[in-house]
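Chain by chain, the residues run as shown.
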Amino acid sequence: MTTTGEVPSAGVKGTLDALLDGGGSVRAALRAQVGFVRVVGRCACGCASVDLAVDRAAVAPAPVHGNPAADAWYVEPADAGVMVFTRDGYLSLLEIYSSAAAPVTDWPEPRFVAPLT
């Protein structure tokens, strides 16, 4: 069964690529899913966070792992961070957060991602 939804924006795709960069079997499996991911929902608060769905017929799940699967701070804006979550081994949520009063409404440039895990 294929997944319907929107093609991810360049900001979403770039953020996923930056978060999932590096070694390990979990990150490699999740990177393989990026080409098959769709945006299927958005956060009600107005931030840039998106719900994701992956065409499970097209790509295998990641090995068992914890959540968030990857997280990072942003160098700019300095008060923001981003996490990627999975469900059943598939990308399911890309969440941006901030300590500022206003939500981050656009994805910062991926070059500002500073991975934590």
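For the structure, see preceding data.
Fair warning: this is a prediction, and the values are worked out from it, not measured in the lab.

Cut-offs applied
- Residues numbered from 1 in each chain as written.
- Predicted model: local features only at pLDDT ≥ 70, side-chain atom pairs only at ≥ 80, totals over all residues.
- Heavy atoms only, no water.
- Buried < 20%, exposed > 50% of the residue type's maximum accessible area, 1.4 Å probe, protein only.
- Helix = DSSP H or I, 4+ residues; strand = E, 2+ residues; numbered from the N terminus.
- Arc of directions from axis to C-beta.
- Core = buried A, V, L, I, M, F, W, Y, C linked by side-chain atoms within 4.5 Å.
- Contact = heavy atoms within 4.5 Å.
- Pairing = 2+ DSSP bridges.
- Salt bridge = Lys/Arg side-chain N within 4 Å of Asp/Glu carboxyl O.

K.L.:
Before we move on, can you summarise helix α2 (residues 25–33) with the specific residues and values?
P.N.:
Note on helix geometry: an α-helix contains 3.6 residues per turn, so any two residues three or four positions apart are oriented the same way. Taken residue by residue, α2 has Val26, Arg27, Ala29, Leu30 and Gln33 as its buried positions. Looking down the long axis of α2, one finds its buried residues gathered within 165 degrees of arc, a one-sided arrangement.

K.L.:
Could you give an account of the nonpolar core, naming the residues involved and the relevant values?
P.N.:
Residues Val84 and Leu94 are the most contacted members of the largest nonpolar core, which totals 33 residues. Excluding residues within four positions of it along the chain, Leu94 makes contact with Val12, Thr15, Leu16, Leu19, Ser49, Val50, Leu52, Val82, Met83, Val84 and Trp107.

K.L.:
Account for the pairing of strand β4 (residues 80–87), naming residues and giving values.
P.N.:
Among the eight residues that make up β4, seven are buried, leaving the element largely enclosed by the rest of the structure. Where strand β3 (residues 70–74) meets β4, four bridges bridge the pair, whose relative direction is antiparallel. Pairing of Asp71 across the sheet is with Met83, part of β4. Counted along the chain from β3 to the antiparallel partner β4, the turn is five residues long. As paired strands, β4 and strand β5 (residues 90–98) are joined by eight bridges and run antiparallel to one another. Looking across to β5, one finds that Gly81 is bridged to Tyr97.

K.L.:
Give me the pattern of salt bridges: which residues, what numbers.
P.N.:
The full count for this structure, using the stated rule, is four salt bridges. In this structure, Arg56 and Asp88 form a salt bridge, with 3.9 Å as the shortest nitrogen-oxygen distance. On the criterion of sequence distance, the pair formed by Arg56 in the loop between β2 (50–54) and β3 and Asp88 in the loop between β4 and β5 is long-range, its members being 32 residues apart. A residue is classified by how much of its surface remains accessible, and Arg56, at 42% relative accessible area, is partly exposed. A residue is classified by how much of its surface remains accessible, and Asp88, at 59% relative accessible area, is exposed. Its salt-bridge partner being Glu109, residue Arg111 comes within 2.6 Å of it at the nearest N-O pair. You can call Glu109 partly exposed: its relative accessible area is 41%.

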